[in-house]
Each structure stands twice: as C-alpha cells, then as structure tokens.
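Structural characterization, general
So the chains spell out like this:
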Amino acid sequence: MQLDFLGDLQRTHRCGDLRASDAGATITLMGWVNRRRDHGNLIFIDLRDRSGITQIVFDMERNPEMHARVEAVRNEYVLAVTGKVELRDENTINPKMETGEIEVIATDLKVLNESKVPPFFPGDANVNVNEEVRLKYRYLDLRRPEMHACVEMRHRVTLAIRNYLANQGFYEIETPMMTRSTPEGARDYLVPSRVHPGEFYALPQSPQIFKQLLMIGGLDRYFQIARCFRDEDLRADRQPEFTQIDLELCFPTEETIHQVVEGFLDAAFTAAGYTIKRPFPQMPYDEAIRLYGIDKPDLRLPAMTDVKPAFSAEELDMLAIDASLPVVAIRIPNVGELSRKERDEHKALLNEKQAKVIKFIDDFKRLEKGFAEPAAKVRELCGAEEGDLLVLVAAPKDGITEATPDDAAAKRRRQRQAYAVYTNAGQFRLALAQRYANRHKAFEGKEFKFLWVTNFPSFEWDEQMRQWTFAHHPFTSLHEQHMELLHDGVSALRDPNSALGAIRARAYDLVLNGTELGSGSIRIHQQDVQAKIFEALGMDEAEQKLRFGFFLEALQYGTPPHGGIALGLDRIVMILAGASSLREVIAFPKTAAATDLMMEAPTPVTDAQLKELSIAIKR
C-alpha cells in the first residue's frame, strides 16, 4: 500500500471528543484502526486514540476511490481522516460509546502507516493475553484503554502531589543518580567508573543522605518524585527500579510531617475521585504487634483480642497452653459454619517453624462443651456475633518450668517470646482472612483505612548474623529518654537480650489496608549521637570515617533538627487504579525476575567494553 505523508495537516479533535453538538462540523481525526466492518458499499472504521473512539463511514457512492483504498486498511493502521460530523439514526445510536450519537462521513483519507498483524489486538477487551506477551510488546499493550487509564491516573496523582507540596513551600530538587554505596537495607546496583578503574558508583536506593544535606544547607523544605534502585532478591510484586515521593523538612515534629503527608494524599485521592478521612489514626508499634501481630495492620478486619483473663491457670494447663505467654483470639466475621475438612485445612496455613511457636484451637463449639464459662467470656471479650469464626492462638506448653528472674535482660527475653506468639498469630490471622475473603467481603470495595504506626524499635536482632542491625536506617533519631539504653547496649552488641532491643525510634510508617505506603523518621542531627549509632552497628572509628566521614563532618556545621518520609508512588497509584500489580501502573516495568522482556535486558556486553572498564568476568 502507498503510504501518505502527514504534511501540514493538523487534527482538529481527538477521537473521544465529538458529541451531538458537533453535528455539521467538518473535522480531522487521527488515530489507529480499532475495528473495521465491511458492509459492501459502506465500510465502517472505529478510529481510536487515547481519548476514545469515533465511528468513521466510508461511502462508495460518495467517493469510490477512497472506498477502494480503505478496503485494504486493517486493524492498527494509522489514519488521518477528514469528514463531516453527522447525527446517527436513532436506531443506530450506541449508548456504550461516549461518541455513540454521531459518526463522521469521511471526505478525505491519509494512510499514515500500516501494521503487521499484532500478537494481540489492543482494542479487544475480551481476549485474555499472557502477561509475558504484554510486556514483550509493551508499546502495543500501552494502546489498551485500561493502560491509558492507569497512565492518566498516575499523571493526575503525581501532578496533584507536586502542586500541593509546592504550595506548602517545598522546593522540588533533583539529587544525584550516581553516588556512593550506603547502607539502605538492600544491595546496590553498581556502576563501574571508566576514569577511575576499579571504583564504582551506586545507583541510589533513596536520596536519604542528600536530602539531609539539603537541610544542613538551609533549604528548609525539599521534595522530589525520585527514581530509586534496589537489587533485591526476586519477589512477585517488587520492581528493581521504582518511584517514591520523597520529602524532608527542617525543625519538624512527627505531627508536622504527618500533616504534610495527609495533605498531599488528600490532594492525590481527590484527583483520583476519592475522599479520605483525616486525621489518620496513630498506633505505637508495640500496640500494633499486640493487636494485629504485624507492623502494618489491616484495619478492615477486627484486631486480635487478649483472652487469657477468660481462663484460669488450671484451664490453660488442661488445654496444654503456656500460661506465661499471650493467649489471643482471632475473629473473622461472617465466615459461617465450617466443615471438619475445612478446619483440617487450617493446619496447612502454618509452616513448620510457626507450628513450633504457636498452637491453635479452631473448633470453638467443641471448646464451649468442655469450657463453657471461659468460652462465653471469650465471645464477650471479642464481641463475636453468630457466624463469626473464632480461633484461639497461644504458645504450646513444653513441660518445662522456667524460673523467671526479675533482671532487665530476662524481661526482654520474655518480651521477645511474647512477640513471637503475637507475630505468628498475626500471620495466621491474615492467612485465615485471605482464605475466607469471599465470605467476610472486607477486602471488597474502596474502603481506605489509613494508619500511622509509630515508635518502632531502633534495632532488630539478626538471628543469622547473630548481631543487632538497624530496623529502619542508621540516620533515625531515638527518643531522648533512651540514650542511656544506647550506651548500655553498645557494650553488648552480640547479646540478643541487649538493651538495644528496648530502644524505640522516632520512626513512623504509613499503612493503608495492610500495605506499607512509606516510612519516615525524625533524623539524628547531632554528630556524637550519629557516631554512637554507627558504633552500635559494629563500626569502629576507622570504618565510620571511611564510609561516612563526609557526613559526620557535615553534622558538625550547625545541623538543624530535621525529618522526612518517602512514600511509594507506584503502590499508591496501583491502589487508586484498582490494579492487580505494580506492573499495571508503570509504563515500562520489569518482570518478577528483574528482566525487561521488550528490551531484552539485562544483556552481556562486549569484551572491549569490559576491558575499557577494567573488568573481567569469571566464566
């Protein structure tokens, strides 16, 4: 087919813009052939662009030459059509199309490009296309209306956030993409330096140090829609490169930052057509663990309930439950009667490790027969109604009576054991909630349950490394009253019951429906405290100077109190769009295996390139 050049022809309207009020106008549309229907003398083409579809009519009686030409046109050809807008006959109006009251009678046609038969048709909503095919042909996938909606949603949300923060006095500042490797909790993507053989830049996992340096520089309020990179182990719904809403400000309290975040989220959700309730509730980390067994609680389902007071010590002994550790009840509403087979399948929801830490009782009717009074108290404590699933979770009695000394280390050890019960019960709660989601229906609809989780532990014990590591990142400030615990803990870095486990940070996470949207904290602004934190992480003075000397020096030049947060933009848009995966709201995502199927990346490079970078690959 002979193709046409566009020349100086300009479109007057987009394909989704025309309405009955445009009848009689001569217009020019440009777009892709979504569908072609040949009725002999009349050929109908649905022309598509990102705004929608308009039906074009090619009439052989009016223009035989153009009609003959359009006979060769197929799906995904690119056309420019000039014609007259006419109202459709009443019996041909299509109420499913926004342009369904009109059609365009073509008077001129330019075929701007042709198309091979695609592996799938973007306009066919009834075809279920394999995701790998969609990612390999992402440029075709992006033509689908569903992808247009996600891209538009992301644009509107990002614009609303930018505008809100700018109006609150924040500067949008870009920070370097090539920097040095710093501890952010995951592996860095490294970039070899050609001009400095054997040395490497790192792509940023976050702009953390740079945004703190901006505060030292007196810029007061910073934000950035920041690209970040993490070389993490393969996970189903993580991306090696992602976008976060990053901000930092001087002289804040936690409440200052919470108000800013709630403000820009309000703007973002409003832009997406939703209303959210402010202020968001807050919950300390320790309370979240006790009530939900997790640091990112899903508030759409009832919390766990402490039901140990419902039982006497003798009754707990009869149930082979450790009376010194928590006994909690999980309540899942509206599950209804369960069969023996369904209850037996609950065992598979616990892995081998969890089964050693907790036991559960899910046949509540049987419990009521043997322990009527305690069971009634459990129902009362939980606020259970008819049809709710009640499951008791506790630590199994191991037959060993352990003396419980009153020293602080013993109390911390017991707290760790109690938290093990809570956290494993919390995972069991989520597994049960997912299993019976079609019954309780709490996860359906667009109910947004936000929560600030505060006062996180500063340090966490790494069982594999047998040492303490920082729970967030090492620039997070701790509460002033815990400074003495820090000094005590530094002397016991290899002790899992060290005082480090009792230190709480001025850190906060924002959670939505059980999903962590982002983390932040008030930062350390005093050089001696920062050095002590590095020491608690096992760094001697020499290592501190090697890795963070520039930053420790900067802290000596009048660093103001400051703090900030970073929220995942991809995940926020995914939730607002109702998408099933982060890949649906990123224009060019990677697979779960961190590969780009379209670009076929990563790829080997030539020996010449490696030699230039002073790199040799071990085969």
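Here the structure is shown first, and the text comes after it.
Residue indices begin from 1 for each chain and proceed along its sequence in written order. Totals for whole chains, interfaces and linings use all residues, but because this is a predicted model, local features are given only for residues with pLDDT of at least 70 and pairs of side-chain atoms are given and counted only at 80 or more. By convention in this description, side-chain values take in all heavy atoms of the structure and omit both hydrogens and water.

**Details of the environment of V573**
Note on conventions: DSSP H or I runs of at least 4 residues are helices, E runs of at least 2 residues are strands, and numbering of each starts at the N terminus. Along the chain, V573 turns up in helix α18 (residues 569-577). A relative accessible area of 0% places V573 in the buried class. Between the C-alpha atom of V573 and that of R343, which follows or precedes it by 230 residues, the distance is 37 Å. Residue contacts for V573: discarding those within four places in its chain leaves C150, M153, R154, V157 and V585. Exposed residues in this analysis have more than 50% of their type's maximum accessible area, buried residues have under 20%, and partly exposed residues fall in between, with area computed by a 1.4 Å probe over protein chains only. It only takes one pair of heavy atoms within 4.5 Å for two residues to be counted as in contact.

**Observations regarding the sheet that holds strand β14 (residues 359-361)**
Following DSSP output, two strands are said to pair if at least two bridges run between them. What the 4 strands build is an open sheet, ordered β12-β13-β15-β14; its pairing is antiparallel. Here the strands that pair on one side only, and so sit at the sheet edges, are β12 (305-306) and β14. Here strand β13 (residues 327-332) runs beside strand β15 (residues 389-394); their pairing, made up of 6 bridges, is antiparallel. Each bridged residue has a counterpart across the sheet, and for V328 the counterpart in β15 is V393. Lines fitted to C-alpha atoms define the axes, with helix axes restricted to the stretch in contact, and inter-axis angles between N-to-C directions lie between 0 and 180 degrees. Across the sheet, helix α13 (residues 408-435) is in contact with β13, β14 and β15; its angle to β13 comes to roughly 15°.

**Section: unusual backbone geometry**
Cis peptide bonds are those with omega within 30 degrees of zero, and the linkage from R278 to P279 qualifies with -5°. For P279, the position within the fold is in the loop between α6 (254-271) and β11 (282-284). Phi is positive for K441, which is not a glycine, with a value near 60°. If you trace the backbone, K441 turns up in the loop between α14 (437-440) and β16 (450-454). The partly exposed category is assigned to K441, whose relative accessible area is 45%. A positive phi angle is found at E600, which is not glycine, with a value near 55°. As for its placement among the helices and strands, E600 is situated in the loop between α18 and α19 (607-612). According to the relative accessible area criterion, E600 is exposed, its value standing at 53%.

**Here's the deal with the pairing of strand β9 (residues 221-229)**
The buried fraction of β9 is high, at 8 of 9 residues. When strand β6 (residues 171-172) meets β9, the two strands line up parallel, connected through 2 bridges. Opposite Y171, over in β9, you have Y222 as the bridge partner. Here 9 bridges tie β9 to strand β10 (residues 241-250), and the two strands are oriented antiparallel to one another. Across the sheet, the residue bridging to Q224 is D246, located in β10.

**Let's talk about the packing of aromatic side chains**
Working definition: rings of Phe, Tyr and Trp (its six-membered ring) pair if their centres are within 6.5 Å, and the pair is stacked with planes under 30 degrees apart, edge-to-face with planes over 60 apart, and tilted otherwise. Taken as a whole and judged by the stated rule, the model has 16 aromatic pairs. With a centroid separation of 4.7 Å and an interplanar angle of 40°, the aromatic rings of F360 and F428 are classed as tilted. One end of the pair, F360, is in strand β14; the other, F428, is in helix α13, and 68 residues separate them in sequence. A ring pair is formed by F534 and F548, whose centres lie 4.5 Å apart and whose planes are at 15°; its orientation type is stacked. Here F534, found in helix α16 (residues 527-536), pairs with F548, found in helix α17 (residues 541-554); they are 14 residues apart in sequence, far enough to count as distant. With respect to class, F534 is no different from F548; both count as buried. Put simply, the rings of F269, Y274, F280, F448 and F450 pair up and form one aromatic cluster. For the cation-ring pair, K136 lies above Y137, with the distance from its terminal atom to the ring centre recorded as 5.9 Å. In our convention, an over-ring charge means Lys NZ or Arg CZ found within 6 Å of a ring centre and within 35 degrees of that ring's normal.

**Focus: the side chain of T54**
Relative to the helices and strands, T54 resides in strand β3 (residues 52-59). A polar atom in the side chain of T54 sits 2.4 Å from the backbone oxygen of C15. Leaving out residues up to four positions away in the same chain, T54 has contacts with C15, L18, L29, I45, D46, L47, T99, I102 and V104. Pairing of N or O atoms within 3.5 Å defines a polar contact, subject to two protein rules: one partner must be a possible hydrogen donor and the other a possible acceptor, and residues neighboring in sequence count only if both atoms are side-chain atoms.

**Some points on the sheet that holds strand β2 (residues 42-49)**
What the 5 strands build is a closed barrel, ordered β1-β2-β3-β5-β4; its pairing is mixed. In this sheet, adjacent strand axes meet at a mean angle of 55° when their direction is disregarded. Here strand β1 (residues 26-39) runs beside strand β4 (residues 78-87); their pairing, made up of 7 bridges, is antiparallel. In the sheet register, M30 faces β4, and the bridge partner there is A80.

**Describing the pattern of salt bridges**
Counted as salt bridges are all cases of a side-chain nitrogen of Lys or Arg within 4 Å of a carboxyl oxygen of Asp or Glu. On inspection of all chains with the given rule, the structure shows 45 salt bridges. As a salt-bridge pair, D46 and R37 come within 3.3 Å of each other at their nearest N and O atoms. When sorted by exposure, D46 lands in the same class as R37, which is buried. When the shortest N-O distance is used, the salt bridge between R340 and D344 registers 3.4 Å. Taken as a pair, R340 and D344 lie in helix α9 (residues 340-344) at a separation of 4 residues, close to a single helical turn. Connected via shared salt-bridge partners are R134, R138, D141, R144, E146 and E584.

**Comments concerning the pairing of β13**
Among the 6 residues that make up β13, 6 are buried, leaving the element largely enclosed by the rest of the structure. Burial along β13 is two-sided: V327, A329 and R331 and V328, I330 and I332, pointing in opposite directions, are all buried.

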